[in-house]
Amino acid sequence: MEDAVKDMLAYWLPKLGLQSWGVKVEFVPRRDIDGVACAHIKAGLERVTIKLSRQEDRDENSDPVELDLLHELVHVRFWAIDPQDAQGVLHDCREAAVEWTARALYAARYEGAA
């Protein structure tokens, strides 16, 4: 999975204009994160640690790891306009916009690839 993640980052970081960022990806037990993925962004340093749930903690209905990674990278791209302390409706709207964007980018990559 480590090589696959490197390939994913090699593809997505330039597309999102994040090639100058230091990105660390860790696979952790799902119980250690809220949801299936999270990002700890240090914008001033252009660094981010993305934690993804381990493959063995995912079920057959889980989104692909690449989509979860892309979702977190979209958060990084939008960090300046993405209030980290958002709650309620603002949080829901932010998550919906990030998720829609990630899914659209993912679909654009793989559309017609089958």
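Basis of the calculations
Residues numbered from 1 in each chain as written. Predicted model: local features only at pLDDT ≥ 70, side-chain atom pairs only at ≥ 80, totals over all residues. Heavy atoms only, no water. Core = buried A, V, L, I, M, F, W, Y, C linked by side-chain atoms within 4.5 Å. Buried < 20%, exposed > 50% of the residue type's maximum accessible area, 1.4 Å probe, protein only. Helix = DSSP H or I, 4+ residues; strand = E, 2+ residues; numbered from the N terminus. Pairing = 2+ DSSP bridges. Axes fitted to C-alpha atoms, helices over the stretch in contact; angles between N-to-C directions. Contact = heavy atoms within 4.5 Å. Salt bridge = Lys/Arg side-chain N within 4 Å of Asp/Glu carboxyl O. Phe/Tyr/Trp six-rings, centres within 6.5 Å; stacked < 30°, edge-to-face > 60°. Lys NZ or Arg CZ within 6 Å of the ring centre and 35° of its normal.

Student: Please give an account of the nonpolar core that cites residues and values.
Tutor: For soluble globular proteins, nonpolar side chains are generally found buried alongside one another. Core analysis: the biggest nonpolar cluster contains 23 residues, and Leu18, Ile50, Leu69 and Leu73 have the highest contact counts within it. If you tally residues by element for this core, the top one is helix α2 (residues 65-77), at 7 residues.

Student: Explain the sheet that holds strand β3 (residues 47-53) residue by residue, including any values.
Tutor: Ordered by their spatial adjacency, 3 strands build an open sheet running β1-β3-β2, and the pairing between neighbours is mixed. Edge positions in the sheet fall to β1 (22-28) and β2 (37-42), since each of these pairs with one other strand and no more. Sheet twist, expressed as the average angle between the axes of neighbouring strands with direction ignored, equals 15°. Most of the contacts of α2 go to β3, to which it runs at about 150°, and overall it touches β1, β2 and β3.

Student: Please set out the pattern of salt bridges residue by residue, giving values where relevant.
Tutor: Throughout the structure, instances matching the rule amount to 9 salt bridges. Here glutamate 26 ties to lysine 24 by a salt bridge, and the two come within 3.2 Å at their closest N and O atoms. When salt bridges that share partners are traced, they join Arg54, Glu56 and Asp57 into one network.

Student: Any chance you could break down the packing of aromatic side chains for me, citing the residues and the numbers?
Tutor: According to the stated counting rule, one finds 2 aromatic pairs in the structure shown. Ring geometry for tyrosine 11 against tryptophan 12: centres 4.8 Å apart, planes inclined by 90°, an arrangement best described as edge-to-face. Using a relative accessible area of 2% as the deciding quantity, one classes tryptophan 12 as buried. Summarising the aromatic geometry, the rings of tyrosine 106 and tyrosine 110 are spaced 4.9 Å apart at their centres and angled 50° between planes, so their arrangement reads as tilted. Here the residue tyrosine 106 and the residue tyrosine 110 both occupy positions in helix α3 (residues 88-110), the gap between them amounting to 4 residues, near one helical turn. The ring of tyrosine 11 has lysine 15 sitting right over it, with the charged end atom 4.6 Å from the ring centre. Here arginine 109 stacks its cationic end above the ring of tyrosine 11, 3.7 Å away from the centre of that ring.

Student: Residues and numbers for unusual backbone geometry, please.
Tutor: Positioned with a positive phi, glutamate 46 is a non-glycine residue whose angle comes to about 50°. Among the structural elements, glutamate 46 can be located in the loop between β2 and β3.

Student: Before we move on, could you go through the environment of tryptophan 79 and cite the residues and values that matter?
Tutor: Locating tryptophan 79 in the fold gives a position in the loop between α2 and α3. Of the residues examined, tryptophan 79 reaches a relative accessible area of 37% and is grouped as partly exposed.

Student: Tell me about the pairing of β3, and name the residues and values.
Tutor: Sheet topology note: the β1/β3 ladder contains 7 bridges and is parallel. The partner of valine 25 across the bridge, within β3, is isoleucine 50. Note that β2 and β3 share 6 bridges and pair antiparallel. The residue bridging histidine 40 from the neighbouring strand is threonine 49, located in β3. Here β2 hands over to β3 after 4 residues, with glutamate 46 in that stretch at a positive phi of 50°.

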